[in-house]
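Residues per chain, in single letters:
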Amino acid sequence: MIKYAFIAPKAHLEESIARSDVNMALAHLCGDYVYTKSFAESEKYTILDNSFFELGYSLPVADLLTAAEKVKADCIVLPDGTVEGITEIKLAGYQVMYIPTTGEEYKEAMESGDIDLIGLSSYWCAKRLGLDKNDYTARRKFLDLYDIEGSKKIHVLGATDSLAEIELLRPYHDLINSWDSSAAIWSGINGLSVKDQKKKFTETVDFDSDLGWTSFCETNINYIKGMLK
């Protein structure tokens, strides 16, 4: 079964970590002691994301290393499309996730012995194929185009406009190690069921939100887990 990281506002980190199979910590939030402490106390495999999606750029490697220490990360996401800092990060004892921005980069990453995980971004897949950035078919079309055999495991970065992407990627589930998304909990605390959504809830996640946990959160989490079986 694919491991899933349920990303949540800070107020619901305990709930999200408890229900996740792996953790995904966001580097730009690691200045918050309560946030980092929650991950540091978890025994689950923890990935530190470079926050490209949230900021529009990747944080510098030095900042990623500082954040990784705070959350006791196991794996650091490299700046998108580069292996910048890989030697330094590896020497510090962390695994690395590489984010390919082109098909050639994906092929090279699959063949590299230095890369532990490959983060598949819908944004970069769509850009490579000339599709809308929220086109939920982008990753499937990308993988169909660059169907490369290998032992590398993919991490799917975030959800697109439709959770139907989970089923769409079923032919590649054996290649997918893990997946992360805020869809279940962010929609849930806003009183929305992801099962009934035709489009992703597009309001940007407010990580400082004080909205309470709802039954929709549990329903959404269970629905997604069911789709991953």
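Everything below is about the structure printed above this text.
Residues numbered from 1 in each chain as written. Predicted model: local features only at pLDDT ≥ 70, side-chain atom pairs only at ≥ 80, totals over all residues. Heavy atoms only, no water.

*Asks:* Hey, could you go over the nonpolar core for me, with residue numbers and the actual values?
*Replies:* If you look at soluble globular proteins, the nonpolar side chains tend to sit buried side by side. Ranked by internal contacts, the top residues of the largest apolar core, which has 78 residues, are Leu 48, Tyr 106 and Trp 179. Per element, the largest residue contribution to this core is 6 residues, and it comes from helix α4 (residues 61-71). Here Tyr 106 is in contact with Pro 100, Ile 118, Phe 142, Leu 143, Tyr 146, Ile 148, Ile 154 and Leu 175, once residues within four sequence places are set aside. (Core = buried A, V, L, I, M, F, W, Y, C linked by side-chain atoms within 4.5 Å. Buried < 20%, exposed > 50% of the residue type's maximum accessible area, 1.4 Å probe, protein only. Helix = DSSP H or I, 4+ residues; strand = E, 2+ residues; numbered from the N terminus. Contact = heavy atoms within 4.5 Å.)

*Asks:* Lay out the side chain of Asn 220 with the relevant residues and their values.
*Replies:* Tracing the backbone shows Asn 220 in helix α11 (residues 215-227). Beyond its immediate sequence surroundings of up to four residues, Asn 220 is in contact with Ala 184, Ser 187, Gly 188, Leu 192, Ser 193 and Val 194.

*Asks:* How would you sum up the pairing of strand β3 (residues 46-49)? Please name residues and give values.
*Replies:* Taking every second residue as pointing to the same face, both faces of β3 are buried, with Thr 46 and Leu 48 on one and Ile 47 and Asp 49 on the other. Note that strand β2 (residues 23-26) and β3 share 4 bridges and pair parallel. Of the residues in β3, the one forming a bridge with Asn 23 is Thr 46. The pairing of β3 with strand β4 (residues 75-77) spans 2 bridges and is parallel. Within β4, the position partnered with Ile 47 by the bridge is Cys 75. (Pairing = 2+ DSSP bridges.)

*Asks:* Could you give me a rundown of the packing of aromatic side chains, with the residues and numbers involved?
*Replies:* Going through the model one piece at a time under the given rule, you end up with 7 aromatic pairs. Here Tyr 4 and Phe 6 contribute two aromatic rings whose centre-to-centre distance is 4.7 Å and whose plane-to-plane angle is 40°, an arrangement assigned as tilted. Looking at Tyr 4, the relative accessible area reads 0%, which means it is buried. Arranged with centres 5.0 Å apart and planes meeting at 50°, the rings of Phe 142 and Tyr 146 form a pair that is tilted. Each of the two residues, Phe 142 as well as Tyr 146, counts as buried. An aromatic cluster is present here, built from Phe 52, Tyr 123 and Trp 124 joined pairwise through their rings. (Phe/Tyr/Trp six-rings, centres within 6.5 Å; stacked < 30°, edge-to-face > 60°.)

*Asks:* Please set out the pattern of salt bridges residue by residue, giving values where relevant.
*Replies:* A complete count under the given rule lists 9 salt bridges for this structure. Of the charged contacts, one joins Lys 10 and Asp 32 as a salt bridge, the two residues approaching to 3.1 Å between their closest N and O atoms. Taken together, the residues Lys 10 in the loop between β1 (3-6) and α1 (13-19) and Asp 32 in the loop between β2 and α2 (33-40) connect sequence positions 22 residues apart. Glu 165 is the salt-bridge partner of Arg 139, the closest N and O atoms lying 2.7 Å from each other. One end of the pair, Arg 139, is in helix α8 (residues 138-145); the other, Glu 165, is in helix α9 (residues 164-168), with 26 residues separating them in the sequence. On the accessibility criterion, Arg 139 (0% relative accessible area) is buried. You can call Glu 165 buried: its relative accessible area is 1%. (Salt bridge = Lys/Arg side-chain N within 4 Å of Asp/Glu carboxyl O.)

*Asks:* For the sheet that holds β1, give the residues involved together with the corresponding values.
*Replies:* In any sheet, the strands associate via hydrogen bonds between backbone groups, in a parallel or an antiparallel arrangement. Here 8 strands make up an open sheet; going across it, the order is β1-β8-β7-β6-β5-β4-β3-β2 and the pairing parallel. Each having just a single partner strand, β1 and β2 make up the two edges of the open sheet. Neighbour to neighbour, the strand axes of the sheet diverge by 25° on average, direction disregarded. Relative to strand β8 (residues 176-181), strand β7 (residues 153-157) runs parallel, the two being bridged by 4 bridges. Bridge pairing in β8 links Val 156 to Trp 179. (Axes fitted to C-alpha atoms, helices over the stretch in contact; angles between N-to-C directions.)

*Asks:* Please set out the environment of Leu 26 residue by residue, giving values where relevant.
*Replies:* Relative to the helices and strands, Leu 26 is located in strand β2. For Leu 26, a relative accessible area of 2% puts it in the buried group. Counting along the chain gives 21 residues from Leu 26 to Ile 47, while the straight-line C-alpha distance between them is 8.6 Å. When sequence neighbours within four positions are dropped, the list of residues in contact with Leu 26 reads Tyr 35, Leu 48, Asp 49, Ser 51, Glu 54 and Phe 207.

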